[in-house]
Amino acid sequence: MAGIIGYGAYIPRNRIRTDEIAQQWGREPASIRAGLLLEEKSVPGLDEDTITISVAAARDALARADVDPSRVGALYIGSESHPYAVKPSGTVVAEALGVGPEYHTADFEFACKAGTEAMFVALGLVESGRVEYALGIGADTSQGAPGDALEYSASAGGAAFLFGRENPVADVLDAVSYTSDTADFWRREGEYYPRHGGRFTGEPAYFKHVLGAARLILERTGIPPADFRHAVFHMPNGKFPLSVGAQLGFRRDQLETGWVVPTMGNTYSGSSPTGLAAILDEASPDDLILITSFGSGAGSDAFVLRATERLPEVRDRAPTVRAMLDGSRRYLSYGEYAKYREKIRMNS
Amino acid sequence: MPSPRYTRDIPARYRLDAARCSACGHVALPRRTICSGCRSQDMEPVRLTRRGTVVTSTVIHVPPDEFTTEAPYAMAIIETPEGARLMAQVVDCQAEEVVPGMELSLEFRRIRREGHGGILCYGHKGVPVRRHEA
Ligand SMILES: [Zn+2]
């Protein structure tokens, strides 16, 4: 059976508080925090992007798996902030990891679902026997337009998962995808910031597809929600994943470990994958885990995993998500944030 | 146009691929075929650990135009446990915190952008190790 044999995550060290953004636009901080359940979010450094985040996360995945990088036969990165419009992120990342030249790579895009797409395809290639090991990575340095609601959530980070058939830290019991053509959120070629359909992003987009994929995989595996130890759903804000979890019949304690959004923000393609990494940091052998992503446009991927005896043995080979969230941080003013996110127009 | 030198230096910049002299132990980054210490041609490949110590450092207050938004920032000569030395920026801290003896991890970062439409250049920078260790 194929499974995850190594995992890693990376969250930049800069943060901005919800209050700081709210005050900038004359909004009431307490009501924004209560409405979105967001305290702060990560901000990439001036020298950090989807490529550097992917390298950091994938290095930790390889360290936990203890696999020679030259045996990795495929590497996929899902992101909506690939640094190049034309030229893959994957080639830079593979070269930095020591993967290749005998490997297959592609950059994926599907709004916030691109990371689990990369995982879905990496898993499939390993299951088919086409490659021995495959990396699936989700990473983003997302942007929200100044003053838009997305500005409170759009953050930076990512996670990487190495799939293989031997010595898994988590077996993959099943994987499904649930997709329809839905225009809830988009960015046209050449536009700088994405646009969204406001309230239309909720019921017909996020909830329909997350519920669709999660119900499908629960039915296919025959495992009731109560039997899972952990579940994580895409986290565009603090509220949606708790709400969709409750609708599916999950208790709050099953959602707690993967619910990293209040202090991380929405890392888009890295969102539910980083939640999964946080779960693997804590899970015990035989724990059942559900992850369901969501990408606007719109679709969801879902995976059911079972942690193995090996998981606790490899965990300490790299930093945990919690250590990155709660460790040394640097808080930015809105002015510094605008500079870091290159929202200030310079003479060049 | 990307410089041919950038492409040639990718193994050293991306993976810290160096060479160690079997005769005198000198470690060269990027790899060399002849030891700069003893002229021996017996150089073996070695991949450096992504750790280092600040040997000496300086704070750049008036940077080249393309680094204007980053000033002030620290540049340091960093020595890895293998004895290789490299010059790199030290980031994710206040520039004046960077002092000789400081322990660093070497992280993969974007070094520069070649103008508005040129290639993106990547490599390693130092980050104080206290970070990420909660
Ligand atoms: Zn020598």
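No experiment lies behind these values; they were computed from the predicted model shown.

Rules behind the numbers
- Residues numbered from 1 in each chain as written.
- Chains lettered and ligands numbered in written order.
- Predicted model: local features only at pLDDT ≥ 70, side-chain atom pairs only at ≥ 80, totals over all residues.
- Heavy atoms only, no water.
- Helix = DSSP H or I, 4+ residues; strand = E, 2+ residues; numbered from the N terminus.
- Contact = heavy atoms within 4.5 Å.
- Areas by Shrake-Rupley, 256 points an atom, 1.4 Å probe, with all protein chains shown as cover.
- Lys, Arg positive; Asp, Glu negative; His and termini not counted.
- Charge placed at Lys NZ, Arg CZ, Asp CG, Glu CD.
- Buried < 20%, exposed > 50% of the residue type's maximum accessible area, 1.4 Å probe, protein only.
- Pairing = 2+ DSSP bridges.
- Donors = N, O, S within 2.8 Å, 3.2 Å for Na, K, Ca; no water.
- Tetrahedral: all angles 85-135°; square planar, octahedral: opposite > 155°, others 65-115°.
- Domains from an automatic or database assignment.
- Buried area = accessible area lost by both parts, 1.4 Å probe.
- Salt bridge = Lys/Arg side-chain N within 4 Å of Asp/Glu carboxyl O.
- Phe/Tyr/Trp six-rings, centres within 6.5 Å; stacked < 30°, edge-to-face > 60°.
- Lys NZ or Arg CZ within 6 Å of the ring centre and 35° of its normal.

Trainee: Please set out the overall build of chain A residue by residue, giving values where relevant.
Mentor: A count of helices and strands for chain A gives 13 helices and 14 strands. In terms of overall dimensions, chain A has a C-alpha envelope of 55 × 45 × 40 Å along the principal axes. Considering only contacts within chain A whose residues lie at least 6 apart along the sequence, 79% involve residues at least 24 apart. Surface exposure of chain A reaches about 12,900 Å², of which carbon and sulfur atoms provide 47%. For chain A, the separation between the mean place of its 35 positive charges and that of its 45 negative charges on side chains is 4 Å.

Trainee: Lay out unusual backbone geometry in plain terms, naming residues and giving numbers.
Mentor: All names here are of chain A. Omega for the peptide link from Gly-297 to Ala-298 comes to 10°, which places this bond in the cis form. Residue placement: Ala-298 occurs in the loop between strand E12 (288-292) and strand E13 (299-307). Unlike most non-glycine residues, Asp-286 shows phi in positive territory, near 75°. Turning to its location among the elements, Asp-286 is positioned in the loop between helix H10 (271-280) and E12. With a relative accessible area of 57%, Asp-286 lands in the exposed category. In this structure, Glu-342 takes a positive phi of about 55° despite not being glycine. Residue position: Glu-342 is located in the segment after helix H13 (334-340). Take Glu-342: its relative accessible area is 39%, and that puts it in the partly exposed class.

Trainee: Can you tell me about the side chain of A:Ser272, naming the residues and giving the values?
Mentor: Residue and element names in this part refer to chain A. With respect to the helices, strands and loops of the structure, Ser-272 is situated in helix H10. Given a relative accessible area of 1%, Ser-272 falls into the buried group. Discounting residues that sit within four places of it in the chain, Ser-272 has contacts with Thr-116, Val-232, Phe-233, His-234, Met-235, Ile-291, Thr-292 and Ser-293.

Trainee: Any chance you could break down the pairing of strand E5 (residues 104-108) of chain A for me, citing the residues and the numbers?
Mentor: Where strand E4 (residues 72-78) of chain A and E5(A) come together, five bridges link them in parallel fashion. When the sheet's bridge partners are listed, A:Leu75 is paired in E5(A) with A:Thr105.

Trainee: Describe the coordination of the zinc ion, with residues and values.
Mentor: Residues and elements named next belong to chain B. Protein ligation of the zinc ion involves Cys-21 (SG), Cys-24 (SG), Cys-35 (SG) and Cys-38 (SG), the donor distances falling in the range 2.3 to 2.4 Å. Coordination geometry of the zinc ion: the four donor atoms subtend angles of 101 to 113° at the metal centre, consistent with an arrangement described as tetrahedral. Taken in sequence order, the residues that donate to the zinc ion follow the motif C-x2-C-x10-C-x2-C. One end of the pair, Cys-21, is in strand E1 (residues 17-21); the other, Cys-35, is in the loop between strand E2 (27-28) and strand E3 (43-47), and 14 residues separate them in sequence. A relative accessible area of 0% places Cys-35 in the buried class.

Trainee: With reference to specific residues and values, describe the domain arrangement of chain A.
Mentor: Residues and elements named next belong to chain A. By the assigned domains, chain A splits into domain 1 (3-169 + 318-340) and domain 2 (170-307). Taking only C-alpha atoms, the centre of domain 1 and the centre of domain 2 are 16 Å apart. Counting residues at the interface gives 55 residues for domain 1, matched by 53 residues for domain 2. Summing both partners gives a buried area of about 4,100 Å² for domain 1 against domain 2, and 63% of it is carried by carbon and sulfur. Its largest share of buried area at the contact with domain 2, domain 1 owes to Leu-37, Cys-112 and Phe-120, together 15% of the area lost on that side. We note a salt bridge from Asp-281 to Arg-64, for which the minimum N-O separation is 3.8 Å.

Trainee: Tell me what's going on with the pairing of E12(A), and back it up with residues and numbers.
Mentor: All names here are of chain A. The buried fraction of E12 amounts to five of the five residues, a majority that puts the element mostly inside the structure. Residues Leu-288, Leu-290 and Thr-292 of E12 are buried on one face, and the alternating residues Ile-289 and Ile-291, pointing to the opposite face, are buried as well. The pairing of strand E11 (residues 230-233) with E12 spans four bridges and is classified as parallel. Looking across to E12, one finds that His-230 is bridged to Ile-289. The pairing of E12 with E13 spans five bridges and is classified as antiparallel. Counted as the bridge partner of Leu-288 is Arg-306 from E13.

Trainee: Can you tell me about the environment of A:Gly299, naming the residues and giving the values?
Mentor: All names here are of chain A. Topologically, Gly-299 is positioned in strand E13. On the accessibility criterion, Gly-299 (0% relative accessible area) is buried. Residues Gly-299 and Tyr-178, spaced 121 residues apart in sequence, show a C-alpha to C-alpha distance of 5.5 Å. Among all residues touching Gly-299, those that are not within four sequence positions of it are Phe-110, Lys-113, Tyr-178, Thr-179, His-209, Ser-293 and Phe-294.

Trainee: Describe the environment of A:Gly115, with residues and values.
Mentor: In this structure, A:Gly115 sits in helix H5 (residues 114-128). Residue A:Gly115 is classed as buried on the basis of its relative accessible area of 0%.

Trainee: Before we move on, can you summarise the packing of aromatic side chains with the specific residues and values?
Mentor: All names here are of chain A. Following the criterion strictly, the structure yields 15 aromatic pairs over all chains and no others. Ring centres of Phe-120 and Phe-303 lie 6.1 Å apart, and the angle between their planes is 70°; on these two criteria the pair is classed as edge-to-face. Highlighted residues: Phe-120 in helix H5 and Phe-303 in strand E13, separated in sequence by 183 residues. Ring centres of Phe-233 and Phe-250 lie 5.9 Å apart, and the angle between their planes is 65°; on these two criteria the pair is classed as edge-to-face. You can see Phe-233 sitting in strand E11 and its partner Phe-250 sitting in the loop between helix H7 (239-248) and helix H8 (252-255), a full 17 residues away along the chain. Neither residue differs from the other here; Phe-233 and Phe-250 are each classed as buried. Taken together, the ring pairs connect Tyr-206, Phe-207, Phe-240 and Phe-294 into an aromatic cluster. The lysine or arginine in question, Arg-17, covers the ring of Tyr-331, its NZ or CZ lying 3.8 Å from the ring centre. One cation-aromatic arrangement involves Arg-64 over Tyr-7; the distance from NZ or CZ to the ring centre is 4.2 Å.

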